[in-house]
Structures are given as structure tokens and as C-alpha cells.
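The lines below spell out each chain.
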Amino acid sequence: QVQLVESGGGLAQAGGSLRLSCAASGRTFSSYAMGWFRQVPGKEREFVAGISKRGEDTYYADSVKGRFTISRDNGKNTVYLQMNSLKPEDTAVFYCAAGGGSVWFSQSDYSRLARYAYWGQGTQVTVSS
């Protein structure tokens, strides 16, 4: 199995910034499409951002466009989520997900939870007003 470990969550002020990291185990990281999702208690997990296995394509939920940036460093087996201009409504547990080796993602696949094979444990992001 693939292990994904998120880090970088914590407290931030509205308008502030935070960078999340997701470290993946194994040597096939570059074969995985990756995504970030978030979830608040009582609600379903929702798509935040996705990135193709080589990093050439990125996708974002409308709610974070222009504020969040997803990137990856395949040499470090790590995907990042740079979050700027944070809002209180961004408060959630953020999860990193991997699509699995040699799995081709369409644009719409990035926002579909069922298309991801592996999930991290989550990291809490809290934004105060």
C-alpha cells in the first residue's frame, strides 16, 4: 500500500497563509495523480485541488481558485497546497489523496473521491476571523 502523511496544518488568521505538505511512501510517486480534499464535521468530503502525475495540469474548486496553489516535487515524493488569503470557511480537515499507479485521470476525475485509491490521515486547518 501507499502511505500518505499530511503536515503543515494549524491555526491561521483570516487573510493569512499556510502551506500543507503530503509526503508519500514508495518510489512510484510520479505515477500518481494527486488531490487535496477537505471535510468539516457533519459534511461530506469535498474536492479542493488536483494535480497530474507530472504536474503539468492543475485543477481547483471554484471556492479556492486564485487563492490556493497545488504543486508537487516528485524528487521528494511530496505534494503541496499553498493556501493564501485564507477565510474562516476554509476551516476543515484537509486530506491528501493519490490516484494509484498508472491510473489515467480525466479532468473531471480529479474531483471524484472514488477515483482515488489512497488517502492520508488528514491535517486540521483552522482559520479565525
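Structural data are supplied above this passage.
Residues numbered from 1 in each chain as written. Predicted model: local features only at pLDDT ≥ 70, side-chain atom pairs only at ≥ 80, totals over all residues. Heavy atoms only, no water.

S.K.: Pulling in residues and values, what's your account of the side chain of Ser 52?
M.R.: As for its position among the elements, Ser 52 is in the loop between strand E5 (46–51) and strand E6 (58–60). For Ser 52, the contacting residues outside a window of four places in its chain are Ala 33, Asp 57, Arg 72 and Tyr 110. (Helix = DSSP H or I, 4+ residues; strand = E, 2+ residues; numbered from the N terminus. Contact = heavy atoms within 4.5 Å.)

S.K.: Which residues make up the pattern of salt bridges, and what are the values?
M.R.: Oppositely charged side chains may form a pair once their charged atoms are brought near each other. Taken as a whole and assessed by the stated rule, the structure comprises six salt bridges. The salt bridge involving Asp 90 is made with Arg 38; its shortest N-O contact spans 2.9 Å. Separated by 52 residues along the polypeptide, Asp 90 in the loop between strand E8 (78–83) and strand E9 (92–98) and Arg 38 in strand E4 (residues 34–39) bring together distant segments of the chain. For Asp 90, a relative accessible area of 0% translates into the label buried. Arg 112 is the salt-bridge partner of Asp 109, the closest N and O atoms lying 2.9 Å from each other. A residue is classified by how much of its surface remains accessible, and Asp 109, at 7% relative accessible area, is buried. Here Arg 112 falls in the partly exposed class, since its relative accessible area comes to 43%. Salt bridges linked by common partners bring Arg 38, Glu 46, Arg 67 and Asp 90 together as one network. (Salt bridge = Lys/Arg side-chain N within 4 Å of Asp/Glu carboxyl O. Buried < 20%, exposed > 50% of the residue type's maximum accessible area, 1.4 Å probe, protein only.)

S.K.: Any chance you could break down the sheet that holds strand E7 (residues 68–73) for me, citing the residues and the numbers?
M.R.: In sheet architecture, strand pairing relies on hydrogen bonds along the backbone and comes in two forms, parallel and antiparallel. Here four strands make up an open sheet; going across it, the order is E1-E3-E8-E7 and the pairing antiparallel. Only two strands of the sheet have a single neighbouring strand rather than two, namely strand E1 (4–7) and E7. Neighbour to neighbour, the strand axes of the sheet diverge by 15° on average, direction disregarded. Note that E1 and strand E3 (residues 18–24) share four bridges and pair antiparallel. Note on E3: the bridge partner recorded for Val 5 is Ala 23. (Pairing = 2+ DSSP bridges. Axes fitted to C-alpha atoms, helices over the stretch in contact; angles between N-to-C directions.)

S.K.: Tell me about the packing of aromatic side chains, and name the residues and values.
M.R.: Across all of its chains, the model carries eight aromatic pairs by this definition. Here the aromatic residues Phe 37, Phe 47, Tyr 59, Phe 105, Tyr 110, Tyr 116 and Trp 119 are joined through ring pairs into a cluster of three or more. Across from the ring centre of Trp 119, 5.0 Å away, lies the NZ or CZ of Arg 45, which sits over that ring. (Phe/Tyr/Trp six-rings, centres within 6.5 Å; stacked < 30°, edge-to-face > 60°. Lys NZ or Arg CZ within 6 Å of the ring centre and 35° of its normal.)

S.K.: Outline the pairing of strand E11 (residues 123–128), supporting the account with residue identities and numerical values.
M.R.: Residues Thr 123, Val 125 and Val 127 point to one face of E11 and are all buried, whereas Gln 124, Thr 126 and Ser 128, pointing to the other face, are not buried. Across four bridges, the pairing between strand E2 (residues 10–13) and E11 is parallel. Paired with Leu 11 across the bridge in E11 is Thr 126.

S.K.: Tell me about the side chain of Ser 21, residues and numbers included.
M.R.: Structurally, Ser 21 can be placed in strand E3. For Ser 21, a relative accessible area of 16% gives the class buried.

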